Number of protein chains: 2
Amino acid sequence: MSTTYNDYYPTRGRTERLIPRTDDPAVRGGVDDGPLDAEQLTAHEEKGYTQIPAVASRTQVAEIKRELERLDGELRDDERVIREPASDEVRSVFDVHRLSDYIADFIRRDEVAGVARQILGSDVYIHQSRINFKPGFGGNSFYWHSDFETWHAEDGMPRIRAVSLSVALTDNHDHNGPLMIMPGSHRTFVSCAGETPEDNYKSSLKAQEAGTPGHESLRTLADEHGIDQLTGPAGTGLWFDSNCMHASAGNITPYPRSNLFLVFNSVDNALVEPFAAVDARPDFLGSRHWEPVK
Amino acid sequence: MSTTYNDYYPTRGRTERLIPRTDDPAVRGGVDDGPLDAEQLTAHEEKGYTQIPAVASRTQVAEIKRELERLDGELRDDERVIREPASDEVRSVFDVHRLSDYIADFIRRDEVAGVARQILGSDVYIHQSRINFKPGFGGNSFYWHSDFETWHAEDGMPRIRAVSLSVALTDNHDHNGPLMIMPGSHRTFVSCAGETPEDNYKSSLKAQEAGTPGHESLRTLADEHGIDQLTGPAGTGLWFDSNCMHASAGNITPYPRSNLFLVFNSVDNALVEPFAAVDARPDFLGSRHWEPVK
């Protein structure tokens, strides 16, 4: 016995195409629902992202970095720890909202969970959390992608109603591989061509393949929207819609780039079966525990 | 019978070390010797580079790009044409001042050769010329290096008395792999460790290896000087000292990056035997025809 879900965002089929996003607004709450003001909410709906200075204080940044070091040491061979293919240096630690009480407390704050609730217009839960570390002197690039495309195809996230917060743990310069977003691209869903290989996540966390848009779609979106590079000192917060087309270049400077990455999903958008994969990914990538953050 | 030359900048030895540059000023001419004003000359001495808007007009940019297309087509297997390892797309065409009358005329202008003469304080000749093309969607990075280190070790350039002009043939954004320079780094010569392999240039044009500074030196220089990213619209000119520590990141945007690159050497600094290689590189990489540009 299986339930059928309406697929508003078909992907991983035979051909690539651009689907306008019509029914799912990026912003559902109003000024009375949380910390963001009217201007910020309007800009978020238009550009798909909002930068907030000092979402984490110096002390908080230092504490979160200490948590990364602790977890790196404690979890040597845990599958929630992803390492650089060449150097074995840690690249990401997942599930940090469960592994660290400090981070769990950080998330509960009104400036964090409160903003997520305001943007998504409902209670929220953590779909995924991680700390990313991009080393200097050759940290890899992340190619262009929409997070939602993966979460829809491989995790079964039904609608575009999730928002991510990236908290810079190091200074993000224009030269050390900061996040690039095509502003406004969140309004278009790129339905990607190609079938999802089994256990795709094991390789895709190191280099994205299935779910990667083709050159023509990327050129169309970049010509229409341009490319913004998001820089700022450690502690800067960047809220961005789950369907933003984004990427980051490699980093050959001496300065590593590190961030805390939190994905909030609306409790009204909880996961169903994957829309374009045989099995759902593990819980640390797409959580099926949707207790609201309180 | 062999002549012995004094080696002011020993390199490719057993250990890496930083040698302060004392005897070779970056700027030798004054305000009466050419187009640059006093402020520009002082800044060039301090930072090691000078950006000039619109050194090439729109028409000139278009003509130079047409020359690249022509040469790419005419010189399929010529060793002066370097291609991307993966895609076979053209990455550089060398010797363009000899292959193209249009470019030779462009170089003779006072805004070009006149500035080179002013900076170097003498007549100048072309040590090397090329057009570089860095494709979008994955153009490679160029790792940190000093051009002079290579020209000294592998071409036999005695002193630091050469200057390069990069003319942007496409818009250089902060996100499509523009040139990065550590401003002021030209005052320090990084004596690199390691022997030069035979025919090093055949691989080093695709990925730099011998003559590459180590992490510690790069961190020291970057911490002291910072990193400037040089951006600007097509036609922008960038003069930079031959000993600047520079690099460029990979380019995953849809926008290719292309430039005309001209190296002027003082006629009083003509090549001798290589200081750290068995054979000198071919003439298209380090010219031994030092007719002054007139």
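Residues numbered from 1 in each chain as written. Chains lettered and ligands numbered in written order. Predicted model: local features only at pLDDT ≥ 70, side-chain atom pairs only at ≥ 80, totals over all residues. Heavy atoms only, no water.

Things to note about the overall build of chain A
Point 1. A tally of helices and strands in chain A yields 8 helices and 13 strands.
Point 2. Taken over C-alpha atoms, the radius of gyration comes to 18 Å for chain A, in line with the 19 Å a tight globule of 294 residues would show.
Point 3. With the principal axes as the frame, chain A shows a C-alpha extent of 45 × 45 × 45 Å.
Point 4. Evaluated residue by residue, chain A yields a buried proportion of 59% over its 294 residues.
Point 5. Pairs at least 24 residues apart make up 86% of the contacts formed inside chain A by residues separated by at least 6 positions.
Point 6. As presented, chain A carries roughly 12100 Å² of accessible surface, and 46% of it is formed by carbon and sulfur atoms.
Point 7. Charge centroids of chain A, computed over 30 positive and 47 negative side chains, lie 1 Å from each other. (Helix = DSSP H or I, 4+ residues; strand = E, 2+ residues; numbered from the N terminus. Rg over C-alpha atoms; globule rule 2.2 N^0.38 Å. Buried < 20%, exposed > 50% of the residue type's maximum accessible area, 1.4 Å probe, protein only. Contact = heavy atoms within 4.5 Å. Areas by Shrake-Rupley, 256 points an atom, 1.4 Å probe, with all protein chains shown as cover. Lys, Arg positive; Asp, Glu negative; His and termini not counted. Charge placed at Lys NZ, Arg CZ, Asp CG, Glu CD.)

What about the interface of chain B and chain A?
Point 1. Taken together, the 22 residues of chain B in the interface contact 22 residues of chain A.
Point 2. The contact between chain B and chain A buries some 1900 Å² in all, and 69% of this surface belongs to carbon and sulfur atoms.
Point 3. Counting the surface chain B buries against chain A, the share from its top three residues, Phe 137, His 175 and Ile 252 of chain B, is 34%.
Point 4. Between the two partners, chain B and chain A, sit 0 salt bridges.
Point 5. Here chain B and chain A share 8 residue pairs in polar contact (both at pLDDT 80 or more) between them.
Point 6. Those elements that place two or more of their residues in the side of chain B that touches chain A are β6 (142-145), α8 (215-225) and β12 (246-248) of chain B.
Point 7. At 5 residues, the largest contribution of residues to the side of chain B that touches chain A is made by α8 of chain B.
Point 8. Taken together, the residues that form the side of chain B that touches chain A break down as 13 nonpolar, 6 polar and 3 charged. (Buried area = accessible area lost by both parts, 1.4 Å probe. Salt bridge = Lys/Arg side-chain N within 4 Å of Asp/Glu carboxyl O. Polar contact = N/O pair within 3.5 Å; in protein donor to acceptor, adjacent residues only side chain to side chain. Nonpolar A, V, L, I, M, F, W, Y, C, P; charged D, E, K, R; others polar.)

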